[in-house]
Amino acid sequence: MLTDGVRLTDHHCHGVYTENLDRPGFERLLGEGARGSFDSAIGLAVRRWCAPALDLPAHVGPDVYLRHRARLGAREVSARLLRATGVTRWFLDTGIGGGTADFIELAGGEVREVVRLEEVAEQVVAQVGAVSGVYERIEEELRARAVGAVGLKTIVAYRCGLDFPPRDHPPTSFAPEHRLTDPDVLGWLVGLGARIGAELGLPLQFHTGFGDPDLRLRHGDPLLLTDFLRRTAGTGLSVMLLHCWPFHRHAAYLAHVFEHVHLDLGLTIPYVGQRAGAVLAETLELAPFRALCYSSDGYGLPELHYLGALLWRRGLGKLVDEWLADDAITTADAEALVSAIAHGNAERVYRARFEQAAG
């Protein structure tokens, strides 16, 4: 397959747990609800693909897999699986899952931080409360954190939905919230992130599509961002739509009509298992090839980072092989397509930070 051996830039992922997990603890991280299960597409994928990577037979039973995993130790498992992904650049959302230092030791390669807007704002509120000047303090802290970051991220889809009210200026009042949910505050915060992103050349990532039970899925449809995308077109901001399922065709449409919009299938790929190729094919029906990026959204379990890469390679590889067999694409164009999605598109969109590091 043309995807074999191609290097990857994982433009959105999280850290991993480095302690051994019992079966309930492991299965909890295999799903987005209160508890996942080995009895699922992703559970089958772990047993089929992660087991051989840890020197076990394919399709080994869950309990045997977990006993062997515990004998190896979580840090050894993490290092093996992360380094087997073929990822050379990791963009780590540190809003959940820990910081970059431990991940660098385990994964190798280049690790850069993605700063989560809501985490920064909530840390400031926790420190100073809802005092006069809190908005200025949030902006100061966000700008300070952005200096060393490769991108910004918002989970506004979880907090009030992607149809948040646009605000160029903060609301006049601020109710103290440990967890920000006020739509006006969040609308201002996302707008602030968009302005800082445009100024500094930092893409702004949006969680879209499915997630844990805190989310109302219909409020995670990226089509709800249409007015925001109209306002930010031409400002210099790049928008990254993350995960997208089951709205991946909606996200592909937005990338089709807005040049500054990009997307990935991060969280989707490991969870759909053998259907990864079908979801990639549906996305590429309309999404420009320049707009699709690779990510795993791996969190907690290094198995998710590993499966994100492996199933992406298998799914896209089979799709491209079909196109080649049908003479729908040349080998040269197929190689360019694979390289662009694997790393080229992300490295182009995040280029400001690479140029800064090189300088």
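Residues numbered from 1 in each chain as written. Predicted model: local features only at pLDDT ≥ 70, side-chain atom pairs only at ≥ 80, totals over all residues. Heavy atoms only, no water.

**Looking at the pairing of strand 6 (residues 239-243)**
Looking along a regular strand, one sees side chains alternate from face to face of the sheet. With five of five residues buried, strand 6 lies mostly within the body of the structure. Summarising the sheet, strand 5 (residues 204-208) and strand 6 pair through five bridges and their orientation is parallel. Among the inter-strand pairings, Gln205 is bridged to a residue of strand 6, identified as Met240. In this fold, strand 5 hands off to helix 10 (residues 226-232), which returns the chain to strand 6; that crossover is right-handed. Of the pairings in the sheet, the one linking strand 6 to strand 7 (residues 261-263) comprises three bridges and is parallel in character. Of the residues in strand 7, the one forming a bridge with Leu241 is Leu263. Between the parallel elements strand 6 and strand 7, the chain passes through helix 11 (residues 248-257) in a crossover that is right-handed. (Buried < 20%, exposed > 50% of the residue type's maximum accessible area, 1.4 Å probe, protein only. Helix = DSSP H or I, 4+ residues; strand = E, 2+ residues; numbered from the N terminus. Pairing = 2+ DSSP bridges. Right-handed = clockwise from strand over helix to strand, strands pointing away.)

**Section: the packing of aromatic side chains**
Here the distance between the centres and the angle between the planes together describe a pair of aromatic rings. Overall, the coordinates contain 13 aromatic pairs when judged by the stated rule. Ring centres of Phe26 and Tyr65 lie 6.1 Å apart, and the angle between their planes is 65 degrees; on these two criteria the pair is classed as edge-to-face. Taken together, the residues span a long stretch of sequence, with Phe26 in helix 1 (residues 23-28) and Tyr65 in helix 3 (residues 62-72) at a distance of 39 residues. With respect to burial, Phe26 and Tyr65 carry one shared label: buried. (Phe/Tyr/Trp six-rings, centres within 6.5 Å; stacked < 30°, edge-to-face > 60°.)

**Topic: the environment of Leu310**
Checked against the element boundaries, Leu310 lands in helix 14 (residues 302-325). For Leu310, a relative accessible area of 16% puts it in the buried group. Sequence separation between Leu310 and Gly86 is 224 residues; the distance between their C-alpha atoms is 9.2 Å.

**Quick word on helix 15 (residues 331-349)**
For helix 15, which comprises 19 residues, the first-to-last C-alpha distance of 25 Å matches the rise-based estimate of 27 Å (1.5 Å per residue) to within 8%. The axis of helix 15 is deflected most strongly, by about 60 degrees, at Ala340. The set of residues buried in helix 15 consists of Ala334, Leu337, Val338, Ala340, Ile341, Ala342, His343, Asn345, Ala346, Glu347 and Val349. (Expected span 1.5 Å × (residues − 1). Bend = angle between axes of the 7 residues up to and from the residue.)

**Side note on the pattern of salt bridges**
Under the defined criterion, the tally for this structure stands at 22 salt bridges. A salt bridge links Arg75 to Glu105; the nearest nitrogen and oxygen atoms lie 3.4 Å apart. With a gap of 30 residues between them, Arg75 in helix 4 (residues 74-83) and Glu105 in helix 5 (residues 100-107) connect regions that are remote in the sequence. Owing to a relative accessible area of 32%, Arg75 belongs among the partly exposed residues under this scheme. Glu105 gets classed as exposed once you look at its relative accessible area, which sits at 55%. Put simply, Glu113 and Arg145 hold a salt bridge, and the shortest N to O gap is 2.9 Å. Here Glu113 is found in strand 3 (residues 110-116), whereas its partner Arg145 is found in helix 7 (residues 134-146), with 32 residues between them in sequence. By sharing partners, the salt bridges in this structure join Arg7, Arg89, Glu110, Arg112 and Glu347 into a single network. (Salt bridge = Lys/Arg side-chain N within 4 Å of Asp/Glu carboxyl O.)

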